[in-house]
Amino acid sequence: SNADAEYDSTLTRAGEVVQNIIIAKRVLITSRVSRIDAIIIADEVNTCAFKSINDVKDYSLAAIGNIDADDCNNQLHFRGPVITKKITLNRTYGAGSGNTSVQRAEIFDLNPYTYLWSFGQMARYSQAVTVYSRELPTRY
C-alpha cells in the first residue's frame, strides 16, 4: 500500500528497521495532522490542541474544551503505541451528517514494523556483559 511506501527497501534483519520515538512532557497535535508514524511517550497527548498552525506559537490559544464539529474534522491515524498518563481525544471527524457520521475520529494501531523494531532492540541488548572479574582462592 502507499502507506508503507517508505518501507519498500529490502531489510535483511530486524535491527535495520527504523522507528521514530517522541518523548515529551506534552504532545499537542494541530488540526492538520492526519497520520503519526512514531512511538509516543508523554505525560499528556491532545489530538487537537490547536485549530491552526499559527496558534502553536502561543499555548494559551490551545483549543481545549471549545471544539465544534468544524474544528479538527480530519481523521487522525496513530501507527505506533501511545504511552501516556492523560489523553484528550478532541477530533471531530465523524461528528457530521451523512456517510462520515459513523467514522472513527482517531485510529490507533501497531504496524508490523513496530514489532520488528522491538525485536531488533531486544536482540541487540540480549547479552550479559562482564564488567569485572576477580579470582578467589580455592577452598580446602
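Everything in this summary refers to the structure shown in the same document.

How each quantity is defined
- Residues numbered from 1 in each chain as written.
- Predicted model: local features only at pLDDT ≥ 70, side-chain atom pairs only at ≥ 80, totals over all residues.
- Heavy atoms only, no water.
- Pairing = 2+ DSSP bridges.
- Helix = DSSP H or I, 4+ residues; strand = E, 2+ residues; numbered from the N terminus.
- Patch = residues over 30% accessible without salt bridge, like charges linked within 9 Å, V, L, I, M, F, W, Y side chains within 5 Å.
- Areas by Shrake-Rupley, 256 points an atom, 1.4 Å probe, with all protein chains shown as cover.
- Salt bridge = Lys/Arg side-chain N within 4 Å of Asp/Glu carboxyl O.

1. What to know about the sheet that holds strand β6 (residues 106-109)
Here is step 1 of the chain: Spatial strand order, β2-β4-β6: three strands in an open sheet with parallel pairing. Either end of the sheet is taken by a strand with one partner, and the two such strands are β2 (35-36) and β6.
Here is step 2 of the chain: Sheet analysis places strand β4 (residues 76-79) next to β6, joined by four bridges and oriented parallel. Across the sheet, R79 pairs through a bridge with D109, a residue of β6.

2. Comments concerning a nonpolar patch on the surface
Here is step 1 of the chain: Taken together, the side chains of I21, I23, I41 and I83 present a nonpolar region at the surface, about 370 Å² in accessible area.
Here is step 2 of the chain: In this fold, I21 is placed in strand β1 (residues 21-30).

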